[in-house]
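# Architecture at a glance
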Amino acid sequence: MTTPRQVFDEYLAGRARRHVVAPFAEHLAARIAGTNYQAMTADAASWAASLQKMASFLKLDGVIVGADTTLLAEAMGAPIIWRGDWPEIGGRPVSMAGDFNHHGRLGTAVETANRLFQIIRGTHGCIAAMVGPMTLANQIYGAENAREGLGTLKAALVSVAEAFSKTRPDILLLLESANLTECANISHYRRIISAIKNVASYYNIKLGIYAEDFAYAQLLEISHLNADLYIFGGTSCQSRPPINDLENVNAGLGIALHMDNFARIAPDALDFMKDRNDNPALFITSFGEIAADAEIENIRNFLTDIGNISLEEKRQEESIGI
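Residues numbered from 1 in each chain as written. Predicted model: local features only at pLDDT ≥ 70, side-chain atom pairs only at ≥ 80, totals over all residues. Heavy atoms only, no water.

### Some thoughts on the layout of surface pockets
What the largest pocket holds in volume is close to 390 Å³. Lining the largest pocket are 19 residues, and of these Ala 67, Asp 68, Thr 69, Trp 86 and Glu 289 lie nearest its centre. Looking at the lining of the largest pocket, the elements with two or more residues in it are helix H2 (26-32) and strand E4 (86-89). The dominant element in the lining of the largest pocket, judged by the number of residues it contributes, is E4, at four residues. In terms of residue class, the lining of the largest pocket is made up of eight nonpolar, six polar and five charged. Lining the second largest pocket are 16 residues, with Met 1, Arg 18, Lys 59, Asp 61 and Asn 308 positioned closest to its centre. (1 Å grid on protein atoms, 1.4 Å probe; cavity = no way out; pocket = protein on both sides within 12 Å on 5 of 7 lines; lining within 4 Å. Points joined across faces, edges and corners; volume = space filled by probe spheres on them. Helix = DSSP H or I, 4+ residues; strand = E, 2+ residues; numbered from the N terminus. Nonpolar A, V, L, I, M, F, W, Y, C, P; charged D, E, K, R; others polar.)

Structural data, given as structure tokens:
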């Protein structure tokens, strides 16, 4: 029987015998550890231990650290408001000067990744997550000025990418909840992605982009951003998912499922993943963070069912590695 680490390595090499499972579950980790998210993220040792316990309980293939998209904005001086244990950005920063790597919860996230990956690297895939350029631009400058302000954020983004890369994850995942297709400066955006990709490549790390909001007509444009992995959120597994149009893209592919309503999406999702035919395995994650009050046993059973789908007889002999 293959271990989660073996499955993850096979996925990275493009020869996975099943889909890889790694949801956004840091709030769920806090609940499993008997604490809350705000307290957990204030202490790297607690954060790392909680994620390790959660990964074992849910039987995950990979563990994602730092998926809170408010971390960098907070480090740049944006005020944070806590609502029901969920952080929200309460305004724009007055000044963006300073060392972004080791400021507040962002620094704790980097330290957590460093601690956790040293412990689980031999047993699970390691994914460090950080906010993407367009989402950060919306947070810092507002939607109306995000396009113009995008260029000023390059140094901060590259700096944080390097800090996470030094923790030696398998994948550095950029999280975009803003609509990338509304970015007029797509060439400027591409240059920022290229700079981050250069940092990741220097440390022999794969670069992934999680696109939560996108227009179907722009799928190919997003998938040509020089990343190694593209995960698309908001896709439906009913009828013909748009991800099927990207099978010839020379990169790994993934989908984000609305696991807060798994009872509705589970049958279609499982059928879709079983019928992948000769297509490569997918990176399966959640559409955003799984809520702490989710039905945890049902989530675990659903993720286990995904992990039990064998592609051994269906996968291509020459599939695409990432």
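### Describing helix H10 (residues 186-202)
Between the first and last C-alpha of H10 there are 24 Å, a value that for 17 residues agrees with the 24 Å anticipated at 1.5 Å per step. Buried residues along H10 sit in contact with helix H7 (133-141), helix H9 (154-165), strand E6 (171-176) and strand E7 (206-211). Backbone geometry just downstream of H10 places Asn 204 in the positive-phi region, at approximately 60°. (Expected span 1.5 Å × (residues − 1). Contact = heavy atoms within 4.5 Å.)

### What about the packing of helix H6 (residues 104-120) against H9?
Helix packing geometry: the angle between the two helix axes and the distance between the axes. Interhelical geometry of H6 versus H9 gives an angle of 30° and a closest axis separation of 9 Å. Taken together, the axes of H6 and H9 are roughly parallel relative to one another. In contact with Leu 106, Ala 109, Val 110 and Ala 113 of H6, H9 contributes Val 160, Ala 163 and Phe 164. Residues that form the contact of H6 with H9 fall into these classes: seven nonpolar, no polar and no charged. (Axes fitted to C-alpha atoms, helices over the stretch in contact; angles between N-to-C directions. Parallel < 35°, antiparallel > 145°, perpendicular 65-115°, else oblique.)

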